[in-house]
Amino acid sequence: MKLKPEILKWIILALILTFCNALRAQSISASGSWTPSVTAITEAGNNYASSTLESAANQTLISVSMPPQDLLFIISFANNYQVWVKRTDSGPNWNTAGLQLFVKRTGSGTGGGTSLLLVPSAINNGLTYQQITTSDVQFFDGYNFGNSTRSGIPIQYQITGVSVLVPAATYSTTITYTLVDN
Amino acid sequence: MRFLLFILLYPAMSLTYGQMSSSVSAGVTLPSVALLDIEPSGSVSLNFTSPSEAGNILGSSSTNNSKWINITSAVASGVTRKITARISGTAPAGVRLRVSAASVAGSGAGTRGTPGSALFLTTSDQILINGIGGGYTGTGNTNGFNLTYSLDIQTYNLLKSGAYTFSVVYTLADN
C-alpha cells in the first residue's frame, strides 16, 4: 500500500508536533524570601518568648508549567509533576545548631488548565508542615493540562528550636524547589 | 514551502523556555545576649553582734542569702562568659565582705556556669561564676544562683562603729 504524498506529509507533521511537545521543558518559578527577626529578651532569666517563628501564609509564591501532553493541540492529557524541596545552608548548619526549617503549602494557586472534557488540573499534598532537609524531599504534586501554568501557589515557613541555647549567629539557607516531570 | 518552514520553526518555538528548579532564601539572626539581674530588688543589711561582756570580741557576722542572680546568655559558638563581682564605694575599714554563689537552681536550661569558691570582695573584679555559655536561669528569687553574704573582721584595730553603705557590682562578660 502506498500513501499519497499529501497524507504522508500530514502524518509527518503530526509526529513532529508530538515529538516537539514532548521536548518542551517544564518550568518552575519561586519568589519571596523570608528573613524573620526574633523578639528581644527584656528580662534576665528568660528565654525567647516563643521557640517558633512562622512566616506569612503566602511568603513564597510558586508557579509551575509543564510541557503539554496533547495530540495536535486537540486532546490534552494530564501532565503529572512533583515538586521537591531541599535547603542548602550557608554558614552554620541549622540542624547541628538545633534549628529546624519547615514548609507547607497553604493554598492551590490558580490555573493549570482543563482537559477537553473540562476536567480541571489538580494540586495535591504538602498541606502540613514538613521539614526541609539538605536532601531533596517530595513536597507536593499535581497535574496540568496543555500549556497552562499553575501560578501563585502559596508557601508558608516555620522555624523551630529558637532558643538562647542555640549559638548566636546568622543562619542563612537557600531553599530550592525542583520540578520533576512525573 | 509553508509546510517545510513550520517544521523548521516549531522545534525552536517549543524550546524557548524551561527551568527545572528555582530558589528563594531564608534566614534568621540569633543575636548575642547578655542579661543579668539580682532578685529580689532592695539592699542587704549585715551586722556584727555586740559582745555582752567586757573583754569579748564582736560576735560573728550575720549572713544573708536572700539574693539570687538571674541570667540570660546567648553566645557565639566557642564563647564562654563569667560573672565577676566587686565593691563600688567604700567598705568599712578592717572588714571584708564575703560572698559565695550556690550552684544554679530552679528552672531554666543550658550552660549556666559553675560557681567558684567564696570571695572576699575588693574594688577589683573577681570571678564568682565561670563557664557560662548559652542558657537561662529563670527569673525571680528562687531561680539562678543563690548568693550568701557575710562580713569578716580582717583588722580589728581598724574597726569603727557606724553604719556603712556600699554597693556590689556584678558583671556578666565574655572570657
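Anything mentioned here points back to the structure above.
Residues numbered from 1 in each chain as written. Chains lettered and ligands numbered in written order. Predicted model: local features only at pLDDT ≥ 70, side-chain atom pairs only at ≥ 80, totals over all residues. Heavy atoms only, no water.

Novice: An account of the overall build of chain A is requested, with residue identities and associated values reported.
Specialist: When you go through chain A residue by residue, the secondary structure sums to two helices and 13 strands. For chain A, the proportion of its 182 residues judged to be buried stands at 44%. Restricting the contact set of chain A to residue pairs at least 6 apart, pairs at least 24 apart contribute 81%. (Helix = DSSP H or I, 4+ residues; strand = E, 2+ residues; numbered from the N terminus. Buried < 20%, exposed > 50% of the residue type's maximum accessible area, 1.4 Å probe, protein only. Contact = heavy atoms within 4.5 Å.)

Novice: Any chance you could break down a nonpolar patch on the surface for me, citing the residues and the numbers?
Specialist: Residues and elements named next belong to chain A. Side chains of Leu116, Leu117 and Val119 sit close together on the surface and give an oily, nonpolar patch of about 330 Å² of accessible area. For Leu116, the position within the fold is in the loop between β8 (110-111) and β9 (122-124). For Leu116, a relative accessible area of 58% corresponds to the exposed category. (Patch = residues over 30% accessible without salt bridge, like charges linked within 9 Å, V, L, I, M, F, W, Y side chains within 5 Å. Areas by Shrake-Rupley, 256 points an atom, 1.4 Å probe, with all protein chains shown as cover. Salt bridge = Lys/Arg side-chain N within 4 Å of Asp/Glu carboxyl O.)

Novice: Let's hear about the packing of aromatic side chains: which residues, and what values?
Specialist: Counted under the stated rule, the structure contains five aromatic pairs over all chains. Taken together, a centroid distance of 6.1 Å and an interplanar angle of 15 degrees make the contact between A:Trp34 and A:Tyr157 stacked. Pair noted here: A:Trp34 is in the loop between β1 (27-31) and β2 (52-54) and A:Tyr157 is in strand β12 (residues 149-160), with a separation of 123 residues, a long-range link. We note that A:Trp34, like A:Tyr157, is buried. For the pair A:Phe139 and A:Phe140, a centre-to-centre distance of 5.0 Å together with 65 degrees between the ring planes defines the contact as edge-to-face. Exposure remark for A:Phe139: the relative accessible area of 2% places this residue in the buried category. When its relative accessible area of 0% is taken as the criterion, A:Phe140 is described as buried. Aromatic rings pair up to connect A:Phe139, A:Phe140 and A:Tyr177 into one cluster. One Lys or Arg, A:Arg105, reaches over the ring of A:Phe140 and ends 5.8 Å from the middle of that ring. Positioned above the aromatic ring of B:Phe120, the side-chain terminus of B:Arg96 is 3.6 Å from the ring centre. (Phe/Tyr/Trp six-rings, centres within 6.5 Å; stacked < 30°, edge-to-face > 60°. Lys NZ or Arg CZ within 6 Å of the ring centre and 35° of its normal.)

Novice: Give me the interface of chain A and chain B: which residues, what numbers.
Specialist: Often, the extent of an interface is quoted as the loss of accessible area upon association of its parts. Contact residues are listed per partner, giving 58 residues for chain A and 44 residues for chain B. Each partner contributes to the roughly 4000 Å² buried at the junction of chain A and chain B, and carbon and sulfur atoms together form 63% of this total. Area buried by chain A at its contact with chain B is led by A:Ala44, A:Gly45 and A:Ala168, which between them contribute 14% of it. Inspection of the region where chain A meets chain B yields zero salt bridges. Our enumeration of links across chain A and chain B arrives at 17 residue pairs in polar contact (both at pLDDT 80 or more). Elements that contribute at least two residues to the side of chain A that touches chain B include exactly α1 (5-23), β1, β12 and β13 (169-181) of chain A. In terms of residue count, the dominant contributor to the side of chain A that touches chain B is β13(A) (eleven residues). When its residues are assigned to classes, the side of chain A that touches chain B shows 34 nonpolar, 21 polar and three charged. Alignment of β13(A) against strand β1 (residues 21-30) of chain B, held across ten bridges, turns out to be antiparallel. Looking at the pairing, A:Thr176 lines up with B:Ser23 of β1(B). (Buried area = accessible area lost by both parts, 1.4 Å probe. Polar contact = N/O pair within 3.5 Å; in protein donor to acceptor, adjacent residues only side chain to side chain. Nonpolar A, V, L, I, M, F, W, Y, C, P; charged D, E, K, R; others polar. Pairing = 2+ DSSP bridges.)

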